[in-house]
Amino acid sequence: MTDVSRHGGRPSRPTPRVRLVDVAREAGLSKTTVSAALNGTGRLSADVREKARETARRMGYRPHPSARQLRTGRARLIGYVVGELADAPWTFLESPYFARLTSVTAATALERGYAMVLLPAGSLQSEWAELPLDAVVVADPVAEDRIVEDLLAARIPVFSDRSVEGRPGAHWVDVNVDAAVRASMDHLHEQGARRPALVAPDSTTQFHTAMFAAYHVWCAEHGVPERVVRAEAPGNGPVVRAVETALAGDPARGDERPDALFVVAEASPPLLLDAARRHGYQVPGDLLLVCVSEDATAAHTEPPVTTVSLRPREVAQAGVELLVAVLEHGRQEPSGTLVPTTLDVRASSVRHGQTAWTSRPPT
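Residues numbered from 1 in each chain as written. Predicted model: local features only at pLDDT ≥ 70, side-chain atom pairs only at ≥ 80, totals over all residues. Heavy atoms only, no water.

## Observations concerning the sheet that holds strand E4 (residues 158–160)
Thinking step 1. On the basis of which strands lie adjacent, the open sheet formed by six strands has the order E2-E1-E3-E4-E5-E11 and parallel pairing. Each of the sheet's edge strands pairs with one partner strand only, and the pair in question is strand E2 (115–118) and strand E11 (335–339). The average undirected angle you get between the axes of adjacent strands in this sheet is 20 degrees.
Thinking step 2. Sheet topology places strand E1 (residues 77–82) next to strand E3 (residues 135–139); five bridges connect them, and they run parallel. By the bridge assignment, Ile78 is partnered in E3 with Ala135.
Thinking step 3. Sheet strands touched by helix H5 (residues 96–111): E1, E2 and E3. Its angle to E1, the strand with the most contacts, is close to 175 degrees. (Pairing = 2+ DSSP bridges. Helix = DSSP H or I, 4+ residues; strand = E, 2+ residues; numbered from the N terminus. Axes fitted to C-alpha atoms, helices over the stretch in contact; angles between N-to-C directions. Contact = heavy atoms within 4.5 Å.)

## Some thoughts on unusual backbone geometry
Thinking step 1. Following Val283, the chain continues to Pro284 via a peptide bond in cis, the omega torsion being 10 degrees.
Thinking step 2. Tracing the chain through its elements places Pro284 in the loop between helix H11 (269–278) and strand E9 (288–292).
Thinking step 3. Put simply, Glu302 and Pro303 share a cis peptide bond, and its omega is 0 degrees.
Thinking step 4. With respect to the helices and strands, the residue Pro303 is situated in the loop between E9 and strand E10 (306–309).
Thinking step 5. The residue Arg155 is not glycine, and still its phi comes out positive at about 65 degrees.
Thinking step 6. Inspection of the secondary structure puts Arg155 in the loop between helix H7 (146–153) and E4.

## A closer look at the side chain of Thr105
Thinking step 1. Position of Thr105 relative to the elements: it lies in helix H5.
Thinking step 2. The buried category is assigned to Thr105, whose relative accessible area is 7%.
Thinking step 3. Leave out the neighbours within four places in its chain, and Thr105 touches Tyr80, Met116, Ala316 and Val320. (Buried < 20%, exposed > 50% of the residue type's maximum accessible area, 1.4 Å probe, protein only.)

Here you go:
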């Protein structure tokens, strides 16, 4: 914003930008030497390189973005949007999973020289079309997400989950959902659960679609009736209400109360334990509990809660590495990778007298 509060209401002139030649003069080096030092190129001694970088830092030198874009053909800006929460654009930052995924993506991208631009979920093309984005990360898009179509039509590389697999210009990083569901349900079954219930979001993302499919297959293989309750919206309130519905069963249909819960919808583990206690359950005596969660409180509740970690740090790092390979090394063909999940077994899912362990190998 232009400062008009001084100089009799006239706009003040912006502070002149420090130029590369100014840094070179101050450091007593040539402009070419300083440029090589700052770009990590050239055959320079460690002392010369450090002198140039320290002088540039002290003087507040920044490369001119327009000149850099003309030289490299890239603005080094990465868009980032969470497709699943289009009706509530910024609520993903309240989610431990998305908060960690977002922060690690931003930090890892910055280490590789890219700045991340947060875009609201449900962004229209008019809101990003004029931004010089080199690529866009679309985390958990819903089925037929419009922003994915618009970005690919605009020839902007998209980095997302496995729902974009095989599409020209699209690349993916995802977790092994089948293995995660099987490991969780096998663990509950081994601990004696025969009436497990699933609480999941009413969502069409790739993760949740694959999760429902894996749960259906597991139940069929083990002769276990499917018990599914969907949370009507994300957030602690709707998920806790769905958990309470699952815990109550359906007496009108002779539906016995569950003896285990696999909660895929993200919610606070302490609130889930409170809901179980309100309905007269003791965990793990009457009810085994496993949650898909990155919430650190899970390890400190009474009892500690078993969690499936989707490993957002590893997902983010793998995604940025893939992004760099595409943008800087010219990888053209669609590409992707699977990241294993981890089942961290704690007391909430272990029957008395059974053996507990802190972590199963990645699945």
